Amino acid sequence: VASGQIFSGLYNRANGLPSFMPVVLPIAILVVPLLDLGLAVLRRTAAGRSPFSADRGHLHHKLLDLGFSHRAAVLMMYLWTFVLAFGGIAYAFFPWRIVSVVLGAAIAAVVVLTLRPYLRQLKR
């Protein structure tokens, strides 16, 4: 192992996935900010503007426009990061079917929480 040779059985599902967690965890944590960055670049270039120009199209601003306070918008983005990061990591430690069901339910719950101010406006 010190020579860099790795036993080929290490990469089966039961043993191999936890060995990739040092790489997967930072990526899972950065999904929300990277998605926001990518969407900003696409939105600005599609509009014919510089990708470095400022606008109010970021996820944080969209949450503020939905009716969240600054603090609540930040907490909502933390919640999305938590669900996606821990959901991704859970696949290494629990059966994929269980993780998929729990992750799907968690994502559905966070979608409802995210859209709650918008749904309240529709009722009025």
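This is a predicted model, so every value here is computed, not measured.

Describing the packing of aromatic side chains
For step 1, the next point in the chain: Across all of its chains, the model carries one aromatic pair by this definition.
For step 2, the next point in the chain: Taking 4.6 Å as the distance between ring centres and 45° as the angle between the ring planes, the aromatic pair formed by F82 and F86 counts as tilted. Taken together, the positions of F82 and F86, both in helix 5 (residues 70-90) and four residues apart, correspond to about one turn of that helix.
For step 3, the next point in the chain: Given a relative accessible area of 47%, F82 falls into the partly exposed group.
For step 4, the next point in the chain: By relative accessible area, F86 is classed as exposed at 52%.

Side note on the packing of helix 5 against helix 6 (residues 96-123)
Think of two packed helices as two axes; the pair is described by the angle between the axes and how far apart they sit.
For step 1, the next point in the chain: Across the interface, helix 5 lies against helix 6 with an axial gap of 10 Å and an inter-helix angle of 175°. Relative to helix 6, the element helix 5 lies roughly antiparallel. Where helix 5 abuts helix 6, its residues M76, L79, W80, V83, L84, G87 and A90 lie against V99, L103, A106, I107, V110, V111, L113 and T114.
For step 2, the next point in the chain: Grouping the amino acids of the contact of helix 5 with helix 6 by side-chain chemistry returns 13 nonpolar, two polar and no charged.

Considerations on the pattern of salt bridges
For step 1, the next point in the chain: Counted under the stated rule, the structure contains four salt bridges.
For step 2, the next point in the chain: The shortest N-O distance in the salt bridge between D55 and R43 comes to 3.0 Å. In this pair, D55 sits in the loop between helix 3 (31-46) and helix 4 (59-66) while R43 sits in helix 3, placing the two residues 12 residues apart along the sequence.
For step 3, the next point in the chain: For R43, a relative accessible area of 27% translates into the label partly exposed.

Concerning the side chain of R44
For step 1, the next point in the chain: Relative to the elements of secondary structure, R44 occurs in helix 3.
For step 2, the next point in the chain: Judged by relative accessible area, R44 falls into the buried class, the value being 7%.

Re the nonpolar core
For step 1, the next point in the chain: Residues L63, L66, F68, A73, M76, V83, L103 and V110 constitute the largest nonpolar core, which totals eight residues.
For step 2, the next point in the chain: Excluding residues within four positions of it along the chain, F68 makes contact with L63, A73, M76, L113, T114 and P117.

Comments concerning a nonpolar patch on the surface
For step 1, the next point in the chain: Among the surface-exposed residues, L25, I29, L30, L34, L37 and V41 lie close enough to one another that they form a single nonpolar patch of about 500 Å² accessible area.
For step 2, the next point in the chain: Of all the elements in the fold, those that place two or more residues in the nonpolar patch are helix 2 (21-29) and helix 3.
For step 3, the next point in the chain: Structurally, the position occupied by L30 is in the loop between helix 2 and helix 3.
For step 4, the next point in the chain: A relative accessible area of 42% places L30 in the partly exposed class.

Calculation notes
- Residues numbered from 1 in each chain as written.
- Predicted model: local features only at pLDDT ≥ 70, side-chain atom pairs only at ≥ 80, totals over all residues.
- Heavy atoms only, no water.
- Phe/Tyr/Trp six-rings, centres within 6.5 Å; stacked < 30°, edge-to-face > 60°.
- Helix = DSSP H or I, 4+ residues; strand = E, 2+ residues; numbered from the N terminus.
- Buried < 20%, exposed > 50% of the residue type's maximum accessible area, 1.4 Å probe, protein only.
- Axes fitted to C-alpha atoms, helices over the stretch in contact; angles between N-to-C directions.
- Parallel < 35°, antiparallel > 145°, perpendicular 65-115°, else oblique.
- Contact = heavy atoms within 4.5 Å.
- Nonpolar A, V, L, I, M, F, W, Y, C, P; charged D, E, K, R; others polar.
- Salt bridge = Lys/Arg side-chain N within 4 Å of Asp/Glu carboxyl O.
- Core = buried A, V, L, I, M, F, W, Y, C linked by side-chain atoms within 4.5 Å.
- Patch = residues over 30% accessible without salt bridge, like charges linked within 9 Å, V, L, I, M, F, W, Y side chains within 5 Å.
- Areas by Shrake-Rupley, 256 points an atom, 1.4 Å probe, with all protein chains shown as cover.

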